[in-house]
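# Overview (structure and organization)
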Amino acid sequence: MKTTAKAPTNIAFIKYWGKKNEVLRIPENDSLAMCLDKEFTVTTVEFKKDLKKDQVIINNQKAKDKEKERVVQHLNRIRKIAKIKLFAKVASQNSFPTAAGLASSASGFAALTLAASQAAGLELSEKDLSRLARLASGSACRSIPSGFVYWQAGYSDKTSYAYSLYPPSYWDLRDLTIIVKSEKKKVSSTKGHQLAGKNPFLKARLKLVKSNLKIIKKVFKNKDFSLLGQVIESEALSLHSVMLTSQPALIYWQPTTLAVIHKAIELREEGIVESYFTIDAGPNVHLICQKKGAAKLKREIQKVLGVKKIITNHPARGAHLINKHLF
Ligand code: DP6
């Protein structure tokens, strides 16, 4: 059966950095994220008798060795659970630049998990889909549920998965993704997680994460936007402190990254628009704001030299099946 799934990326307010178990991708800490509606992956999968090996097409091109290998490994996990031996044709399309720190592995592996498991005849629960997606890429487990999602780190394959804390409609937040560079990043997040494990600053970060997790849960209950902003900026900066002090150092920021941060702070301090920044493993900045002020923020940030593109996201639905196949 041919099956197609669509999955959003997600932006973490409390980040995942460092793993307790690399093979099972059990993270050091819980994380919390918002699914994004304009940055997504659509993936079609069909297991076919006439194939001699898996065929993987990403953004209309045959997947290269490493990229293909990661997809094939995930198909192997799914074939094992479904007890089938057939090879698959996989086509995948992103709505945004791949591997530029824009969470393409999150949406990509969430869409692949849902499409391939259904195509293999499996009917997995949301929890099991999330666990399975996690094995391919940690952040992908947060792209299975909808809205504002919580990944409980857990301590084993069974206990580490994400669930929805609140539906997309709960809080009308906006994420403006400010693209300053869209080329592939040189150091993958998988490598970055390994480096973090050897970094003495990770311990201090994990302490801070613990207290930020407590605060953010209350923030969500009360929809306290200013406090949310303080938490996500503290989180992003502590994540990048670990990246900067890794050996070798991971310096993902570009001059325009800093220019955008400063502009957002200036707009906030002058009372023009209240927004807060967060940054993943790449140079692009996410500005979180409320509905009111989002259009103004976009206009102002567009003027910053070096900004290439701005995508305005709403909280999104998690991974789901769609009828429009890619082949
Ligand atoms: C900085 O999920 O890409 O975006 O599990 O090795 O595939 P792997 O790593 P990945 O790491 C994402 C790290 C981050 C923070 C976050 O999204 O929580």
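Scoring rules and cut-offs
- Residues numbered from 1 in each chain as written.
- Predicted model: local features only at pLDDT ≥ 70, side-chain atom pairs only at ≥ 80, totals over all residues.
- Heavy atoms only, no water.
- Helix = DSSP H or I, 4+ residues; strand = E, 2+ residues; numbered from the N terminus.
- Buried < 20%, exposed > 50% of the residue type's maximum accessible area, 1.4 Å probe, protein only.
- Contact = heavy atoms within 4.5 Å.
- Areas by Shrake-Rupley, 256 points an atom, 1.4 Å probe, with all protein chains shown as cover.
- Lys, Arg positive; Asp, Glu negative; His and termini not counted.
- Charge placed at Lys NZ, Arg CZ, Asp CG, Glu CD.
- Near = heavy atom within 4 Å.
- Polar contact = N/O pair within 3.5 Å; in protein donor to acceptor, adjacent residues only side chain to side chain.
- Axes fitted to C-alpha atoms, helices over the stretch in contact; angles between N-to-C directions.
- Parallel < 35°, antiparallel > 145°, perpendicular 65-115°, else oblique.
- Left-handed = near helix turned anticlockwise from the far one by under 90°.
- Nonpolar A, V, L, I, M, F, W, Y, C, P; charged D, E, K, R; others polar.
- Salt bridge = Lys/Arg side-chain N within 4 Å of Asp/Glu carboxyl O.
- Patch = residues over 30% accessible without salt bridge, like charges linked within 9 Å, V, L, I, M, F, W, Y side chains within 5 Å.

## Some details on the overall build of the protein chain
Helix and strand content of the protein chain: 8 helices and 14 strands. Principal-axis analysis of the C-alpha atoms places the extent of the protein chain at approximately 65 × 40 × 40 Å. The buried share of the protein chain, taken over its 327 residues, is 54%. Across the protein chain, contacts joining residues at least 24 apart in sequence account for 76% of those joining residues at least 6 apart. Total accessible area on the protein chain stands at roughly 14,900 Å², and carbon and sulfur atoms take up 54% of it. Averaging the positions of the 55 positive and the 27 negative side-chain charges in the protein chain gives two centres separated by 4 Å.

## Some points on the site of the ligand
Contacts to the ligand come from 17 residues, most closely from Tyr16, Ser137, Gly138, Ser139 and Arg142. Residue Arg25 places a side-chain N or O atom 2.9 Å away from an oxygen atom belonging to the ligand. At 2.7 Å, a side-chain N or O of Thr190 approaches an oxygen atom of the ligand. Relative to its unbound accessible area of 460 Å², the ligand is 95% covered by the protein chains.

## Remarks on the packing of helix α2 (residues 104-119) against helix α3 (residues 126-136)
Closest axis-to-axis distance for the α2/α3 pair is 9 Å, and the angle between their directions is 125°. The pairing of α2 with α3 is recorded here as oblique in orientation. For α2 against α3, the interelement crossing comes out right-handed. Contacts between α2 and α3 involve Phe109, Ala110, Thr113, Leu114 and Ser117 from the former and Leu129, Leu132, Ala133 and Ala136 from the latter. Partitioned by chemical class, the residues of the contact of α2 with α3 number 7 nonpolar, 2 polar and no charged.

## Focus: the environment of Lys185
By the element assignment, Lys185 lies in the loop between β10 (173-179) and α4 (189-197). Taking the C-alpha atoms as reference points, Lys185 and Thr256, 71 residues apart in sequence, are found 16 Å from one another.

## A few points about the pattern of salt bridges
Counted under the stated rule, the structure contains 11 salt bridges. Put simply, Arg134 and Asp157 hold a salt bridge, and the shortest N to O gap is 2.6 Å. Placement of Arg134 in helix α3 and of Asp157 in the loop between β8 (148-152) and β9 (161-166) is noted, with a sequence separation of 23 residues between them. Residue classification places Asp157 among the partly exposed residues on the basis of a relative accessible area of 25%.

## Digging into a positive patch on the surface
A cluster of basic residues, Lys210, Lys214, Lys217, Lys218 and Lys221, forms a positive patch on the protein surface. Mapped onto the secondary structure, Lys210 falls in helix α5 (residues 201-222). For Lys210, a relative accessible area of 63% puts it in the exposed group.

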